[in-house]
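# Chains, contacts and geometry: an overview
Below, each chain spelled out in residue letters.
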Amino acid sequence: MARLPEAIKAYGKAHWSTYKKIYSLIKKYDRICVFRHIKPDFDAYGSQMGLVTFIKDNFPNKEVRYVGDNHVSFAGRVYPVSESLPESWFETPFLAIVCDVGEPERIADPRYAKATDIVKIDHHPCRSEITDVKVVDLDSASASEMVYDLCINWKGKKVSYQASWYFYSGIVGDTGNFKYRSTSIHTFACAEKLMETGIVISDITNCMFQKKIDDLKVTAYVLGHFNVTEHGVAYYYLPETVQTELNITSERGKDNVNLFANIEGIEAWCSFSESTKDNCWWVSIRSRKEDISQVAAKWRGGGHANASGARIFELSEMEALVKDLDDLFVKGE
Ligand code: AMP
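Positions within a chain are numbered from 1, following the residues in the order the chain's sequence is written. Per-residue local features of the predicted model are confined to residues with pLDDT of at least 70, and side-chain atom pairs are confined, for both listing and counting, to 80 or more; whole-chain, interface and lining totals are unaffected and use all residues. Only hydrogens and water are set aside when side-chain values are computed; all heavy atoms of the structure are taken into account.

Turning our eyes to something else, we now look at the overall build of the chain. A run of DSSP states H or I qualifies as a helix once it reaches four residues; a run of E qualifies as a strand once it reaches two. Both are numbered from the N-terminal end. A tally of regular secondary structure across the chain gives 11 helices and 11 strands. Dimensions of the chain along its principal axes, counting C-alpha atoms only, are 55 × 45 × 40 Å. Type-normalised accessible area, obtained with a 1.4 Å probe on protein chains alone, sets the label of each residue: buried when under 20%, exposed when over 50%, and partly exposed for intermediate values. Looking at the chain as a whole, 54% of its 333 residues qualify as buried. Any two residues whose heavy atoms approach within 4.5 Å are treated as being in contact. Of all intrachain contacts in the chain linking residues separated by at least 6 positions in sequence, the fraction that spans at least 24 positions is 63%. Of the accessible surface of the chain, which amounts to about 15500 Å², a share of 52% is contributed by carbon and sulfur atoms. Averaging the positions of the 40 positive and the 46 negative side-chain charges in the chain gives two centres separated by 7 Å. Computed with a 1.4 Å probe, the accessible areas rest on the Shrake-Rupley method; for each residue, only the protein chains presented here act as cover. Note on charges: Lys and Arg go in the positive column, Asp and Glu in the negative column, and His and the chain ends are not counted at all. Where a charge lies is defined by one atom per residue type: Lys uses NZ, Arg uses CZ, Asp uses CG and Glu uses CD.

Set out below in structure tokens:
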């Protein structure tokens, strides 16, 4: 086997005592279920399915399951549709491994709490803890590279082409294809090592970001209806009536949020998508440099410094949330 890049060796060394605990828990349990966060994105899927595939490949006799709500366009196309497991499955001892999520209420299936042991691998800030056996790195660009690091540092085990495909997709998702500030030497080291399995990166990104002609109509709508505040916050909102006209659901409302990245004078950008099913408007917030996670936390959400999510209950709250963002960019007045 080719050598590990230095950044992966160093990361593994820094987390070695936890890795050893996780390896022995994986070895110990014959029944394992891997969890991700609600409203899954590429990194949630990539870290979860990469780990599921890794364990199945290396321990063919273990029963490894994966659960969580499905994404409206990734499930069945980019990643497998989630398994629906009966209550009875969770009544026999099992190991829960929770990837890419910290807050308990954001774990896509609450039955993780029934596990005999719980492991967590994540890069989100979190207020209430679910386990002591955890690798949490708020500076990591993606959970997928953390889970991959755990796997590739396990001597004698292999990370297959398929597992690598999943891990790579998660890294691409949370780094915006290696362009966000969080992208690190470790991120690139993981990408380099993953490519040794023969994954074709253009095929993966084509599969992930494939669009339909109708999607251009959504983009056209957003470009025709966005607003920009005095201090550089761009935002758009999609009421359900508009979503219906555009033939999308609320999960797709944030698809166009990054249209406003790299625009001179725009410091932060966000989307508001109505969901009567969830009785709220989902908000996706992104920024160039400023930490917007505190504003997200104030508005019932959270996340990372430059990519967070929030919720409002009425459209009338949108103005106040946008003002909170705009206030971040008022300079010395
Ligand atoms: P989204 O805008 O939904 O794509 O979310 C952006 C990032 O913020 C993702 O990493 C999410 O996992 C995270 N995030 C979204 N909502 C929350 C929340 N309520 N609490 C913590 N993290 C969140």
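Read on for the rest.
Once that is clear, we can look at the environment of Glu314. Mapped onto the secondary structure, Glu314 falls in the loop between β11 (307-312) and α11 (318-327). Of the residues examined, Glu314 reaches a relative accessible area of 49% and is grouped as partly exposed. Remark: the alpha-carbon pair of Glu314 and Trp281, spanning 33 residues in sequence, is separated by 7.1 Å.

Glancing now at the site of the ligand. Near residues are defined by distance, with any heavy atom within 4 Å of the molecule or strand qualifying the residue. Among the 13 residues in the neighbourhood of the ligand, the closest are listed as Arg106, His124, Lys254, Ser284 and Arg286. N or O atoms within 3.5 Å of each other form a polar contact, as long as, within protein, one can give a hydrogen and the other can take it, and as long as residues adjacent in sequence are counted only when both atoms are side-chain atoms. Between a nitrogen atom of the ligand and a main-chain N or O atom of Gly302, the distance comes to 3.4 Å. At a separation of 3.1 Å, an oxygen atom of the ligand approaches a polar side-chain atom of His304. Only β9 (280-287), β10 (302-303) and β11 provide two or more residues apiece to the shell around the ligand. Counting residues per element, the shell around the ligand draws most heavily on β11, at 3 residues.

Not every positive phi belongs to a glycine, and Asn262 is a case in point at roughly 60°. Its place among the elements puts Asn262 in the loop between α9 (240-246) and β8 (268-275).

On to the sheet that holds β11. Two strands pair if DSSP finds at least two bridges between them. Within the open sheet, the 6 strands sit side by side as β6-β7-β8-β9-β11-β10. Their pairing is mixed. Pairing within the sheet leaves two strands with one partner each, and these edge strands are β6 (227-228) and β10. Here 6 bridges tie β9 to β11, and the two strands are oriented antiparallel to one another. Considered in β11, the bridge of Val283 is made with Ala310. On the sheet, α11 packs against β7 (233-238), β8, β9 and β11 and is oriented at approximately 160° with respect to β7. Every angle, taken between N-to-C directions, lies between 0 and 180 degrees, and every axis is a line fitted to C-alpha atoms, over only the stretch in contact when it is a helix.

A word on a nonpolar patch on the surface. A surface patch of nonpolar side chains, amounting to about 310 Å² of accessible area, comprises Leu223, Phe226, Val228 and Leu259. Considering the arrangement of structural elements, one finds Phe226 in the loop between α8 (213-225) and β6. Only residues whose relative accessible area exceeds 30% and that form no salt bridge are eligible for patches; like-charged ones are grouped when within 9 Å, while nonpolar side chains (Val, Leu, Ile, Met, Phe, Trp, Tyr) are grouped when within 5 Å. Should a side-chain nitrogen of Lys or Arg be within 4 Å of a carboxyl oxygen of Asp or Glu, the pair is scored as a salt bridge.

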